[in-house]
Amino acid sequence: MAKVSPMAITVSFINMKGGVGKTTIASQLAHSAARNLKVLAVDLDPQSNLSQSVMGPHAYVNHLKKNRPTIAQVFDEYIPAGGVHGSPRPIDLEEVIVKNAGYWSTSTLDLIPSRLELSRTLKNPTGKERRLAKALTRISDRYDLIIIDCAPTESILTDAAYFASRYVIVPVKPEFMATIGLPLLARSIRDFQLENEDHNIEIAGLVFNHSSSYSNGPEG
Ligand SMILES: Nc1ncnc2c1ncn2[C@@H]1O[C@H](COP(=O)(O)OP(=O)(O)O)[C@@H](O)[C@H]1O
Ligand SMILES: [Mg+2]
């Protein structure tokens, strides 16, 4: 598929609350955008729901069994030794991107999958916040849109998403808890912006999801 713009627009789906539809909307948007645009989906959640959704559980499990690289290696910056005699080698992003991974056979959607070992990054996070941004910048001219699906907790991975993104989309379940969570998220982005004036990030919008026309009381 032909590219339409020189550099990809990168958008992160963030909400510190789980179960609000980040992964569902990221996956649906990535698939439908890939009909007309060159799209890369990035799974930045150790739970790896986006990887399973895009690749399908069978292909995803095979990927893990074959020990193929994932986003965890983007943060490690090397690919571990294969076999007894191999030695670790510097990461080549080409090996991490699963090409045409989308669930239609004709889909041109690419994916950087995740795996549970990504949580290692959380244990030893020093100096890793810009590694994803650095890696994506190198391939940004090949895509129109890069969609990053984030984990529901604030961590080094959230900072990594902020550094890599121009925009944030916030899926929201319209309920009372959201009135507490949303100002915290807005403050997190504002604090990040104050500390990193060289990087421009904006909330592109909120997407109300899981709303029920039957709800009343405080939620309604
Ligand atoms: N609009 C919707 N209607 C019905 N079910 C939904 C909707 N959006 C998400 N879900 C379901 O809710 C659950 C949580 O969604 P998910 O996208 O995994 O949330 P998150 O990534 O924010 O944790 C999933 O089982 C998903 O299929
Ligand atoms: Mg999710």
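Computed from a prediction, not measured in an experiment: that's the story for all the values here.

The rules behind the values
- Residues numbered from 1 in each chain as written.
- Chains lettered and ligands numbered in written order.
- Predicted model: local features only at pLDDT ≥ 70, side-chain atom pairs only at ≥ 80, totals over all residues.
- Heavy atoms only, no water.
- Helix = DSSP H or I, 4+ residues; strand = E, 2+ residues; numbered from the N terminus.
- Rg over C-alpha atoms; globule rule 2.2 N^0.38 Å.
- Buried < 20%, exposed > 50% of the residue type's maximum accessible area, 1.4 Å probe, protein only.
- Contact = heavy atoms within 4.5 Å.
- Areas by Shrake-Rupley, 256 points an atom, 1.4 Å probe, with all protein chains shown as cover.
- Lys, Arg positive; Asp, Glu negative; His and termini not counted.
- Charge placed at Lys NZ, Arg CZ, Asp CG, Glu CD.
- Salt bridge = Lys/Arg side-chain N within 4 Å of Asp/Glu carboxyl O.
- Near = heavy atom within 4 Å.
- Polar contact = N/O pair within 3.5 Å; in protein donor to acceptor, adjacent residues only side chain to side chain.
- Nonpolar A, V, L, I, M, F, W, Y, C, P; charged D, E, K, R; others polar.
- 1 Å grid on protein atoms, 1.4 Å probe; cavity = no way out; pocket = protein on both sides within 12 Å on 5 of 7 lines; lining within 4 Å.
- Points joined across faces, edges and corners; volume = space filled by probe spheres on them.
- Pairing = 2+ DSSP bridges.
- Axes fitted to C-alpha atoms, helices over the stretch in contact; angles between N-to-C directions.
- Left-handed = near helix turned anticlockwise from the far one by under 90°.

Novice: Please explain the overall build of the protein as it appears in this structure.
Specialist: Helix and strand content of the protein: 9 helices and 8 strands. Expected size for 220 residues packed as a compact globule is a radius of gyration near 17 Å; at 18 Å, the protein falls within 12% of this value. Oriented by its inertia axes, the alpha-carbon framework of the protein measures out at about 65 × 40 × 35 Å. Within the protein, the fraction of its 220 residues that count as buried is 45%. Across the protein, every contact between residues at least 6 apart in sequence was considered, and the portion connecting residues at least 24 apart equals 79%. As presented, the protein carries roughly 11400 Å² of accessible surface, and 54% of it is formed by carbon and sulfur atoms. Taking the 23 positively charged and 22 negatively charged side chains of the protein as two groups, their mean positions are separated by 6 Å.

Novice: Would you mind showing me how to read the pattern of salt bridges here?
Specialist: One side chain can pair with another of opposite charge once the charged atoms of both are near each other. Evaluated as defined, the whole model comprises 11 salt bridges. Here Arg120 and Asp76 are joined by a salt bridge, their closest N and O atoms 2.7 Å apart. Here the residue Arg120 occupies a position in helix α6 (residues 119-123), and Asp76 occupies one in helix α4 (residues 71-76), the gap between them amounting to 44 residues. Across the salt bridge formed by Arg89 and Glu95, the nearest N and O atoms sit 2.9 Å from each other. A relative accessible area of 39% means that Arg89 is categorised as partly exposed.

Novice: Would you explain the site of ligand 1 in this entry?
Specialist: If you check the shell around ligand 1, you find Gly18, Gly19, Val20, Gly21, Lys22, Thr23, Thr24, Asn209 and His210 and nothing else. Thr23 is positioned with one of its side-chain polar atoms (N or O) 2.8 Å from an oxygen atom of ligand 1. Protein chains bury 55% of the 560 Å² of accessible surface belonging to ligand 1 in isolation. Partitioned by chemical class, the residues of the shell around ligand 1 number 1 nonpolar, 7 polar and 1 charged.

Novice: Please explain the layout of surface pockets as it appears in this structure.
Specialist: Empty space among the atoms becomes apparent when a probe as large as a water molecule is rolled across them. The calculated volume of the largest pocket comes to roughly 260 Å³. Asn67, Gln73, Ile79, Pro80 and Ala81 are, among the 15 residues lining the largest pocket, the residues nearest its centre. A breakdown of the residues in the lining of the largest pocket according to their chemical character gives 5 nonpolar, 4 polar and 6 charged. Space inside the second largest pocket adds up to approximately 210 Å³. The wall of the second largest pocket is formed by 15 residues, among which Ala8, Thr10, Thr137, Ser140 and Ala164 lie closest to the centre. Those elements that provide at least two residues to the lining of the second largest pocket are β1 (9-13), α7 (131-139) and α8 (156-164). The dominant element in the lining of the second largest pocket, judged by the number of residues it contributes, is α7, at 3 residues. Residues belonging to the lining of the second largest pocket are distributed by class as follows: 8 nonpolar, 6 polar and 1 charged.

Novice: Quick question: what am I supposed to make of the sheet that holds strand β7 (residues 167-172) here?
Specialist: Strands pair in a sheet through their backbones, by hydrogen bonds, and they do so in one of two ways: parallel or antiparallel. The sheet built from 6 strands is open, its strands ordered β5-β2-β6-β1-β7-β8 with parallel pairing. Because the sheet does not close on itself, it has two edges, and the strands there are β5 (110-112) and β8 (202-208). The mean angle between the axes of side-by-side strands here comes to 20 degrees, regardless of whether they run parallel or antiparallel. For strand β2 (residues 39-44) and strand β6 (residues 145-150), the ladder comprises 6 bridges, and the chain directions are parallel. Across the sheet, residue Asp43 finds its bridge partner in β6, namely Asp149.

Novice: In this structure, what is going on with the packing of α7 against α8? I would like to understand it.
Specialist: Any two packed helices are characterised by how steeply their axes cross, that is the angle between the axes, and by the distance between the axes. The N-to-C vectors of α7 and α8 enclose an angle of 35 degrees; their axes lie 7 Å apart at closest approach. As α7 runs across α8, the sense of the crossing is right-handed. Contacts between α7 and α8 pair Leu132, Ala133 and Leu136 from the former with Ala160, Phe163 and Ala164 from the latter.

Novice: Even after reading the chapter, I still don't get the pairing of β6, so can you show me in this structure?
Specialist: Counting buried positions along β6 yields 6 of 6 residues, so the element is predominantly enclosed. Where burial is concerned, the two faces of β6 agree: the one with Leu145, Ile147 and Asp149 and the one with Ile146, Ile148 and Cys150 are both buried. Sheet analysis places β1 next to β6, joined by 5 bridges and oriented parallel. Within β6, the residue paired with Ser12 across the bridge is Ile148.

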